[in-house]
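These are the residues of each chain, in order.
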Amino acid sequence: MKNIIQEKWDEILEALKNEHDISDVSFRTWLLPLKVYSVSDDIITIMIDDKLIGSDSINFIKRKYGLPLKVAIEEITNLNYELDFILESATSNIEVKNEVSPKKEITKKNPYPFLNPRYTFDTFVVGTNNNLAHAASLAVAESPAEVYNPLFIYGGVGLGKTHLMHSIAHFILEHNPKAKVLYVTSEQFTNELIESIRNRNENSSTAEFREKYRNIDVLLIDDIQFIIGKESTQEEFFHTFNTLHESKKQIIISSDKPPKDIETLEDRLRSRFEWGLTVDIQSPDYETRMAILKKKEELDGLSIDNEVMKYIATNVKSNIRELEGALTKIVALSRLKKREVNVELAEEALKDLISPNNQKNITAELIMEIVSEHFNITVPDLCSTKKSRNIAYPRQMCMYLCRSLTELSLSDIGKKLGNRDHTTVLHGIDKVTKDIQKDSQLQNTVEVLSKKISPQ
Ligand SMILES: Nc1ncnc2c1ncn2[C@@H]1O[C@H](COP(=O)(O)OP(=O)(O)OP(=O)(O)O)[C@@H](O)[C@H]1O
């Protein structure tokens, strides 16, 4: 039998929302997933769905919503309870969910030209691949510098890191238009720093640079991996970070890897990046890919046959930018050829991207990209003069794969890999060839890499 708290739970949440002017996205993220677990004489135990919003959220919810919730319960039921929170994973009745946020129409104007108006929490589809990153981002947006500082978001290419960062910035500015929020890519940061050093003697531009970066409330720095290996940029960023952190300003960083895997990152920066919370974004599953396509359909005012959506979601898997690009391509082809959007047209539009008969053009660049990703190093590392084994060996692996999968000559391969001469390339290929014969694990690695490069 339901008790009065359970009966009135929706009403209580609604009252809380209205009383505190809680935004839809915050309501959906933090309050809707709360369930009444048990009610004793004077304690209500509320269960938090940590599958959806992560176990770290418990402290945030307690601190931010604990008291308002208690008050709302009292208002609606005239009963005074203490609240206790538990994680759903700590209870026995765990229910696995794979939810996405409900649709919502967004037509707000963008008053912040440095932010993409479409990158907001409302247009961000939440799935199992990104729910923790989403929850952490929203917590930071609601309470800058109070919960996770820094927030470090990492994930592969085109999976929504920038989208989340812009969403945080939009949210903060919307709720506090006076907040000084600065979003930059790490490349912009580096370029501005170089410029300020170049002009140092002409005026006080280094001081201006510092003023710009240190006199703000929120710094969002995207793709931090690009400052790796740039010593003076790391040095400057280290001081920027310290100044902001010491004065309790929020820092949000994105990268393609977690701090521990960024090899050439200075240790003092790495440890600082790990002070707060590190969250990842994975590739979306089928349901999330469908939901993202539907969201795009809605935002672009399109009406696309569901079979076409399924075709795209089934075939374009790893990168959301490509997923969206696929839909755009189909629509463009249909307009150009004045043809109806159907699966046949989709196959035609996407044949380069997904047709099984289409052999991707295998180039040295593709091989270098896949090998560097596999070994967690960068393409510039492969082309550098670095001789450490963790770089020299992947480089020799590239030589071997270029030789076996492309028509390139030894000297062409050498040129691609940092202008090395053909004897170095030959030596590298020989080495890998011999090692494969002795080492079955290595043989396996070569097979995996070859499959990634050439799925057929
Ligand atoms: N969960 C999501 N819901 C809706 N759209 C998404 C989602 N994730 C990513 N996108 C869209 O996918 C595209 C690529 O996302 P974004 O640029 O944020 O990726 P990224 O991780 O920053 O990529 P990069 O590694 O290239 O910097 C954007 O158009 C973004 O709006």
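The preceding data block contains the structure.
Parameters and conventions
- Residues numbered from 1 in each chain as written.
- Predicted model: local features only at pLDDT ≥ 70, side-chain atom pairs only at ≥ 80, totals over all residues.
- Heavy atoms only, no water.
- Helix = DSSP H or I, 4+ residues; strand = E, 2+ residues; numbered from the N terminus.
- Buried < 20%, exposed > 50% of the residue type's maximum accessible area, 1.4 Å probe, protein only.
- Contact = heavy atoms within 4.5 Å.
- Areas by Shrake-Rupley, 256 points an atom, 1.4 Å probe, with all protein chains shown as cover.
- Pairing = 2+ DSSP bridges.
- Axes fitted to C-alpha atoms, helices over the stretch in contact; angles between N-to-C directions.
- Near = heavy atom within 4 Å.
- Polar contact = N/O pair within 3.5 Å; in protein donor to acceptor, adjacent residues only side chain to side chain.
- Nonpolar A, V, L, I, M, F, W, Y, C, P; charged D, E, K, R; others polar.
- Domains from an automatic or database assignment.
- Phe/Tyr/Trp six-rings, centres within 6.5 Å; stacked < 30°, edge-to-face > 60°.
- Core = buried A, V, L, I, M, F, W, Y, C linked by side-chain atoms within 4.5 Å.
- Parallel < 35°, antiparallel > 145°, perpendicular 65-115°, else oblique.
- Left-handed = near helix turned anticlockwise from the far one by under 90°.
- Salt bridge = Lys/Arg side-chain N within 4 Å of Asp/Glu carboxyl O.

What to know about the overall build of the protein
Line of reasoning, step 1. For the protein, the count of helices and strands is 22 helices and eight strands.
Line of reasoning, step 2. Residues classed as buried in the protein amount to 48% of the 456 residues present.
Line of reasoning, step 3. For the protein, restricting intrachain contacts to residue pairs at least 6 apart in sequence, the fraction spanning at least 24 positions comes to 72%.
Line of reasoning, step 4. Accessible area for the protein stands at about 23,300 Å²; split by element, carbon and sulfur atoms hold 49% of it.

Structural notes on the environment of Leu265
Line of reasoning, step 1. Here Leu265 shows up in the loop between β7 (250-255) and α11 (267-273).
Line of reasoning, step 2. Its relative accessible area of 3% is what places Leu265 among the buried residues.
Line of reasoning, step 3. Distance in space between the C-alpha atoms of Leu265 and Gly229 is 7.2 Å, their sequence separation being 36 residues.
Line of reasoning, step 4. If we ignore the near neighbours within four places in the chain, the residues touching Leu265 are Ile228, Gln234, Pro259, Arg270 and Phe273.

Here's the deal with the sheet that holds strand β2 (residues 43-48)
Backbone hydrogen bonds are what pair the strands of a sheet, in a parallel or an antiparallel way.
Line of reasoning, step 1. Ordered in space as β1-β2-β3, the three strands form an open sheet in which the pairing is mixed. The open sheet has two edge strands, β1 (34-39) and β3 (82-87), and neither has a second partner. Geometrically, the sheet is characterised by an average inter-axis angle of 30° between neighbouring strands, direction not taken into account.
Line of reasoning, step 2. Pairing of β1 with β2, which is carried by five bridges, proceeds in the antiparallel orientation. Within β2, the residue paired with Val36 across the bridge is Ile46.
Line of reasoning, step 3. Contacts between helix α5 (residues 57-77) and the sheet are confined to β1, β2 and β3, with β3 contributing the most and set at about 145° to the helix.

A few points about the site of the ligand
Line of reasoning, step 1. For the ligand, the set of nearby residues contains 18 residues, the closest of which are Val125, Lys161, Thr162, His163 and Glu324.
Line of reasoning, step 2. Here an oxygen atom of the ligand and a side-chain polar atom of Thr162 are 2.6 Å apart.
Line of reasoning, step 3. Arg321 is positioned such that a nitrogen or oxygen atom in its side chain is 2.9 Å from an oxygen atom of the ligand.
Line of reasoning, step 4. Against a free-state accessible area of 630 Å², the protein chains account for coverage of 90% of the ligand.
Line of reasoning, step 5. Only α7 (161-175) and α14 (320-337) provide two or more residues apiece to the shell around the ligand.
Line of reasoning, step 6. Considered class by class, the residues forming the shell around the ligand number seven nonpolar, seven polar and four charged.
Line of reasoning, step 7. Here the shell around the ligand spans two domains, and each of domain 2 (121-280) and domain 3 (286-354) adds at least three residues to it.

Some thoughts on the packing of aromatic side chains
Line of reasoning, step 1. Applying the stated rule across the entire model yields twelve aromatic pairs.
Line of reasoning, step 2. Summarising the aromatic geometry, the rings of Phe60 and Tyr65 are spaced 6.4 Å apart at their centres and angled 85° between planes, so their arrangement reads as edge-to-face. The same class applies to Phe60 and to Tyr65, which are both buried.
Line of reasoning, step 3. Residues Phe241 and Trp275 carry aromatic rings whose centres are separated by 6.0 Å and whose planes lie at 55° to one another, so their mutual orientation is tilted. Taken as a pair, Phe241 in helix α10 (residues 231-246) and Trp275 in the loop between α11 and β8 (277-281) lie far apart in primary sequence, 34 residues in all.
Line of reasoning, step 4. You can call Trp275 partly exposed: its relative accessible area is 46%.

A few points about the nonpolar core
Line of reasoning, step 1. Formed by 85 residues in total, the largest nonpolar core has its most connected members in Trp9, Trp30, Leu69 and Ile312.
Line of reasoning, step 2. Residues contacting Trp9, with those up to four places away along its chain left out, are Leu34, Lys35, Val36, Ile46, Leu69 and Ile73.
Line of reasoning, step 3. Grouped together as the second largest cluster of nonpolar side chains are 28 residues, Met368, Leu382, Leu410 and Val446 included.

Considerations on the packing of α5 against helix α6 (residues 131-142)
Geometrically, a packed helix pair is captured by the angle between its two axes and the distance between the axes.
Line of reasoning, step 1. Taken N-terminus to C-terminus, the directions of α5 and α6 make an angle of 30°; their axes are 11 Å apart at the nearest point. Taken as axis vectors, α5 and α6 run roughly parallel relative to one another. Once α5 is placed against α6, the crossing between them reads as left-handed. In contact with Ser57, Phe60, Lys64 and Tyr65 of α5, α6 contributes Ala135, Ala139 and Glu142.
Line of reasoning, step 2. Here the residues of the contact of α5 with α6 sort into four nonpolar, one polar and two charged.

Digging into the pattern of salt bridges
Line of reasoning, step 1. Evaluation of the coordinates by the stated rule reveals 21 salt bridges.
Line of reasoning, step 2. Linking Lys260 and Asp261 is a salt bridge whose minimum nitrogen-to-oxygen distance equals 3.6 Å.
Line of reasoning, step 3. Take Asp261: its relative accessible area is 25%, and that puts it in the partly exposed class.
Line of reasoning, step 4. Each of Arg118, Lys296 and Asp300 takes part in one network of salt bridges that share partners.

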